[in-house]
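Inside the fold
Each chain, letter by letter, is given below.
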Amino acid sequence: MVPFKNVFTGAETRDYSRAVSSQKCLRAGGKHNDLDNVGYTARHHTFFEMLGNFSFGDYFKDQAIGFAWDLVTGTFGLDRDRLLVTVYHDDDEAFDLWRKIAGLPEERIIRIATSDNFWSMGDTGPCGPCSEIFFDHGTDIPGGPPGSPDEDGDRFIEIWNLVFMQFEQPGDGTRHALPKPSIDTGMGLERIAAVLQGVHDNYDIDLFKKLIAASVDLTGVKAEGKERASHRVIADHLRAMSFLIADGVLPSNEGRGYVLRRIMRRAMRHAHMLGTRAPLMHRLVPALVDEMGTAFGELRRAQPLITETLKLEEERFRSMLERGLRLLDEEVGKLSPSQALPGDVAFRLYDTFGFPLDLTQDALREDGRVVDSAGFETAMAEQRAKARAAWSGSGQKSTEKLWFDLRDEAGGTEFLGYSALDAEGKTL
Ligand code: ATP
Ligand code: MG
Ligand code: MG
Ligand code: MG
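A brief report on the enclosed structure follows. (Residues numbered from 1 in each chain as written. Chains lettered and ligands numbered in written order. Predicted model: local features only at pLDDT ≥ 70, side-chain atom pairs only at ≥ 80, totals over all residues. Heavy atoms only, no water.)

Things to note about the nonpolar core
Taken as a class, soluble globular proteins show a tendency for nonpolar side chains to be buried jointly. Quick note on the threshold: By nonpolar core we mean a set of buried residues, namely Ala, Val, Leu, Ile, Met, Phe, Trp, Tyr and Cys, connected to one another through side-chain atoms within 4.5 Å. Classification of residues uses two cut-offs on accessible area relative to the type maximum, computed with a 1.4 Å probe and protein chains only: under 20% is buried, over 50% is exposed, and between them is partly exposed. Secondary structure elements follow DSSP: runs of H or I of four or more residues count as helices, runs of E of two or more count as strands, with numbering from the N terminus.
L299, L310 and L341 are the most contacted members of the largest nonpolar core, which totals 67 residues. Ranked by the residues each element gives to this core, the list is headed by helix α6 (residues 227-246), at nine residues. Listed in part, the 28 residues of the second largest apolar core include V85, V87, A94 and I133.

Some points on the coordination of the magnesium ion (ligand 4)
Put simply, the test is: We call an atom a donor if it is N, O or S and sits within 2.8 Å of the metal, or 3.2 Å for Na, K and Ca. Water is not counted, so some sites may look partial.
Protein coordination at the magnesium ion (ligand 4): the donors are E132 (OE), E158 (OE) and N161 (ND2), at 2.0 to 2.6 Å from the metal. Read in sequence order, the donor residues for the magnesium ion (ligand 4) give the motif E-x25-E-x2-N. In this structure the magnesium ion (ligand 3) is found 3.2 Å away from the magnesium ion (ligand 4), and E158 serves as a bridging donor for the pair. Here E132, found in strand β6 (residues 125-136), pairs with E158, found in strand β7 (residues 156-169); they are 26 residues apart in sequence, far enough to count as distant. Residue class for E132 comes out buried when judged on its relative accessible area of 8%. With relative accessibility at 21%, the residue E158 sits in the partly exposed group.

Focus on the site of ligand 1
Using the following cut-off: A molecule or strand has a residue near it when one of that residue's heavy atoms lies within 4 Å. Think of a polar contact as two N or O atoms within 3.5 Å of one another; within protein, one of them needs to be a possible hydrogen donor and the other a possible acceptor, and neighboring residues in sequence only count if both atoms come from side chains. Only the protein chains shown count as cover for residues, and the accessible areas themselves come from Shrake-Rupley with a 1.4 Å probe. Just so you know the grouping, Ala, Val, Leu, Ile, Met, Phe, Trp, Tyr, Cys and Pro go in nonpolar, Asp, Glu, Lys and Arg go in charged, and all remaining residues, Gly too, go in polar.
For ligand 1, the set of nearby residues contains 15 residues, the closest of which are R27, D34, H44, E158 and N161. A distance of 2.7 Å separates a nitrogen atom of ligand 1 from a polar atom in the side chain of D34. Taking N161, its side chain carries an N or O atom lying 2.5 Å from an oxygen atom of ligand 1. Burial of ligand 1 by the protein chains amounts to 86% of its free accessible area of 590 Å². Where the shell around ligand 1 is concerned, the elements lending two or more residues are β2 (47-55), β7 and β8 (176-188). In terms of residue count, β7 provides more of the shell around ligand 1 than any other element does, four residues in total. Across the shell around ligand 1, the residue classes tally to four nonpolar, five polar and six charged.

Observations concerning the packing of aromatic side chains
For the record, the criterion: When two rings of Phe, Tyr or Trp (its six-membered ring) have centres within 6.5 Å they constitute a pair, described as stacked for plane angles under 30 degrees, edge-to-face for angles over 60, and tilted for the intermediate range. Here, a charge over a ring means that NZ of Lys or CZ of Arg falls within 6 Å of the ring centre while also lying within 35 degrees of the ring normal.
Summed over the entire model, instances satisfying the criterion amount to 16 aromatic pairs. Both rings, one in F47 and one in F243, keep their centres 4.3 Å apart while their planes meet at 10 degrees; by these two values the pair is stacked. In this pair, F47 sits in strand β2 while F243 sits in helix α6, placing the two residues 196 residues apart along the sequence. When sorted by exposure, F47 lands in the same class as F243, which is buried. The interplanar angle of 15 degrees and the centroid separation of 6.3 Å between the aromatic rings of F54 and F56 together place this pair among those described as stacked. Neither residue differs from the other here; F54 and F56 are each classed as buried. Connected via pairs of aromatic rings, a cluster forms that spans F4, F8, Y16, F54 and F56. Against the face of F95 rests R111, its NZ or CZ located 4.4 Å from the ring centre. Over the aromatic face of Y40 sits the side chain of R365, whose NZ or CZ is 3.6 Å from the ring centroid.

Quick word on a negative patch on the surface
This is how the line gets drawn: A patch consists of residues whose relative accessible area exceeds 30% and which take part in no salt bridge; residues with like charges are grouped when within 9 Å of each other, and nonpolar side chains (Val, Leu, Ile, Met, Phe, Trp, Tyr) when within 5 Å. Whenever a carboxyl oxygen of Asp or Glu lies within 4 Å of a side-chain nitrogen of Lys or Arg, that contact is scored as a salt bridge. When charges are counted, Lys and Arg contribute as positive and Asp and Glu as negative, whereas His and the chain ends are disregarded. We put the charge of a Lys on NZ, of an Arg on CZ, of an Asp on CG and of a Glu on CD.
On the surface, a cluster of negative charge is contributed by D116, D150, E151 and D152. On the secondary structure map, E151 appears in the loop between β6 and β7.

Observations regarding helix α2 (residues 61-75)
To be explicit about the condition: Residue count minus one, scaled by 1.5 Å, sets the expected span of a helix. The arc in question is traced by the directions running from the helix axis to the C-beta atoms. The contact rule is simple, with two residues in contact once any of their heavy atoms fall within 4.5 Å.
In this model, α2 (15 residues) spans 20 Å end to end at C-alpha, consistent with the 21 Å of a helix rising 1.5 Å per residue. Where α2 is concerned, the buried positions are K61, A64, I65, A68, W69, V72 and T73. Viewed end-on, α2 has its buried residues packed into an arc of 130 degrees, placing them on one side of the element. Contact partners of the buried residues in α2: β3 (83-88), α3 (92-102), β6, β7 and β8. Phi turns positive, to about 65 degrees, at G77, one or two residues after α2.

Right, here's the structure in full:
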């Protein structure tokens, strides 16, 4: 929704007031980070597709609820007795509309007071209460309804989130009504596919079944027992890394490149756990392109680059992975049963063997062990301070200073891209 931010606040107008979208989403860092859930819950991916509908000061709460109810119970034909919804605790308007439009009984409209049901982009900007629609996958699956102590189970799965954008926060702690309240919704394609295909688990939908089958085929290891999670992680991460590369990201040690590298290395550890000793991930790319390359042409176009990048990263990381895992084993052997892995060991794995912190955490997870992450941060900060001291002592100019000096020498430049045309007559 970020590209629409100014449309919601009224600062920008478009020649349409409604929109629908299908977005590629990645949740592997920052505010929304589902990396730790992947492979272990029925409903989380790092990369997934989100469908949405938007109103820019056009329809509001009543129609958004009406459209959503119509789609899930009418078009999709879902059993209304298996649906329940949440509203923000003080949003009586939404509560009443769910009663009236959907005819839902009061006990299936759950009031939630946490930020789960209040959406904002940050401390400033448009915001508002949300209403989430959940599907009940049945009593044989552990988990309670939203708001209950065991809500993190996978029985009740959120399929759709409706955001009622009705306020704006200027950033001084106050909140005022938006002149034209708006709608922003998001529905997880894989989750609704699971419901419509009559399966509980996202990883059992047609698309994931094929990717997991390819992983089983190439490794010769069944997706059962403790190997099941590894195949799921591999299938999920294969999508995330391939789409990132198709969209122009390459593995590196910072920013989004590091998000990609973390995903790649995490997948490689799971491939290693399945017993593969030669690069695996790049051999799965054809299965992904077969599944998704028609809908996403960029995937097919980037296939050679994706394949090369995955192969190279895996070749480069392989020996470090093996050596690092040996060190990790030795260090864990020295600990008492529930003791956390010391931060300096996790840091050594990071610094010397290229283990992202989440890879180490994931490796320890099977034994129910954690990393002393505060200790890790301290070790990291110490090393940064040392590097800074060495750098400032070296007499080299900082990058920032270089740019300023360059500007002083060459003079500023004016950006013409909005109005000027290039040699071929296209807007720059
Ligand atoms: P959950 O509470 O299950 O983690 P969420 O509230 O974090 O979901 P939203 O931020 O509301 O999710 O995203 C909108 C929709 O996108 C969700 O209703 C869900 O259908 C889907 N979705 C969210 N996160 C994921 C994910 N990691 N993998 C697959 N689908 C997701
Ligand atoms: Mg979430
Ligand atoms: Mg939620
Ligand atoms: Mg939600």
